[in-house]
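Report on the structure
Below, each chain spelled out in residue letters.
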Amino acid sequence: MPLPVETPTLDSERLRLRKLTEEDAADMHALYSDEVAMAYWGTPVTKTIEESRQLLLRDIRAVDNCSALFWAIEWKATGAVIGKCTLWQYSENNQRAE
């Protein structure tokens, strides 16, 4: 089974995992520009919202190319994006992803 063409929306009581959009740039910049939050990510800390927007667009393109799935983790109470979740390196033979 290949990765879905559309990112499914997943809901819990407090959180919603939904498709990343370019409108998430400001919320994602709060994460991408935070040295503590980025300490274990493979991406350098961003200095400008434009750098963060470019990272976000890279993720959106990966979904469009069916090479990864990225979800925005949205806090339902406020609508703020508080992170992202990723599935990539999908193996159809092994039916697993990282």
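What counts and what doesn't
Residues numbered from 1 in each chain as written. Predicted model: local features only at pLDDT ≥ 70, side-chain atom pairs only at ≥ 80, totals over all residues. Heavy atoms only, no water. Helix = DSSP H or I, 4+ residues; strand = E, 2+ residues; numbered from the N terminus. Expected span 1.5 Å × (residues − 1). Buried < 20%, exposed > 50% of the residue type's maximum accessible area, 1.4 Å probe, protein only. Contact = heavy atoms within 4.5 Å. Disulfide = S-S within 2.5 Å. 1 Å grid on protein atoms, 1.4 Å probe; cavity = no way out; pocket = protein on both sides within 12 Å on 5 of 7 lines; lining within 4 Å. Points joined across faces, edges and corners; volume = space filled by probe spheres on them. Nonpolar A, V, L, I, M, F, W, Y, C, P; charged D, E, K, R; others polar. Salt bridge = Lys/Arg side-chain N within 4 Å of Asp/Glu carboxyl O. pLDDT = per-residue confidence, 0-100.

Look at helix 2 (residues 49–64): 22 Å from first C-alpha to last across 16 residues, which is about the 22 Å you get at 1.5 Å a residue. Along helix 2, the positions that sit buried rather than exposed are Ser52, Leu55, Leu56, Leu57, Asp59, Ile60, Ala62 and Val63. Looking at the packing, one finds that the buried side of helix 2 touches helix 1 (25–32), strand 3 (68–75) and strand 4 (81–88). Where helix 2 terminates, the next one or two residues include Cys66, which has phi positive at roughly 60 degrees.

Right, let's get into the state of the cysteines. Counted by the stated rule, this structure contains 0 disulfides. Among the cysteines around Cys66, which has no disulfide bond, Cys85 carries the closest sulfur, lying 17 Å off. Judged by its relative accessible area of 28%, Cys85 is partly exposed.

It is worth spelling out empty space enclosed by the protein at this point. Tallied over the entire structure, the rule returns 1 cavity of 30 Å³ or more. Roughly 40 Å³ of internal volume is contained in the largest cavity. As for the largest cavity, its lining consists of Thr7, Lys19, Leu20, Asp59, Ile60, Val63, Asp64 and Phe70. In terms of residue count, helix 2 provides more of the lining of the largest cavity than any other element does, 4 residues in total. Of the residues belonging to the lining of the largest cavity, the class tally is 4 nonpolar, 1 polar and 3 charged.

A few words on the pattern of salt bridges. This model, assessed by the stated rule, comprises 9 salt bridges. A salt bridge links Lys76 to Asp11, with the nearest nitrogen and oxygen atoms 3.5 Å apart. With Lys76 in the loop between strand 3 and strand 4 and Asp11 in strand 1 (residues 10–11), this residue pair connects regions lying 65 residues apart in the sequence. By relative accessible area, Lys76 is classed as partly exposed at 33%. According to the relative accessible area criterion, Asp11 is partly exposed, its value standing at 49%. Among the salt bridges present, the one from Arg58 reaches Asp59, with a minimum N-O distance of 3.4 Å.

In this section: the confidence of the model for the protein. Looking at the protein, pLDDT values average 90 and 94% of them are 70 or higher. Summarising per-element confidence for the protein, the mean pLDDT is lowest in strand 4 (90) and highest in strand 2 (residues 15–19) (97).

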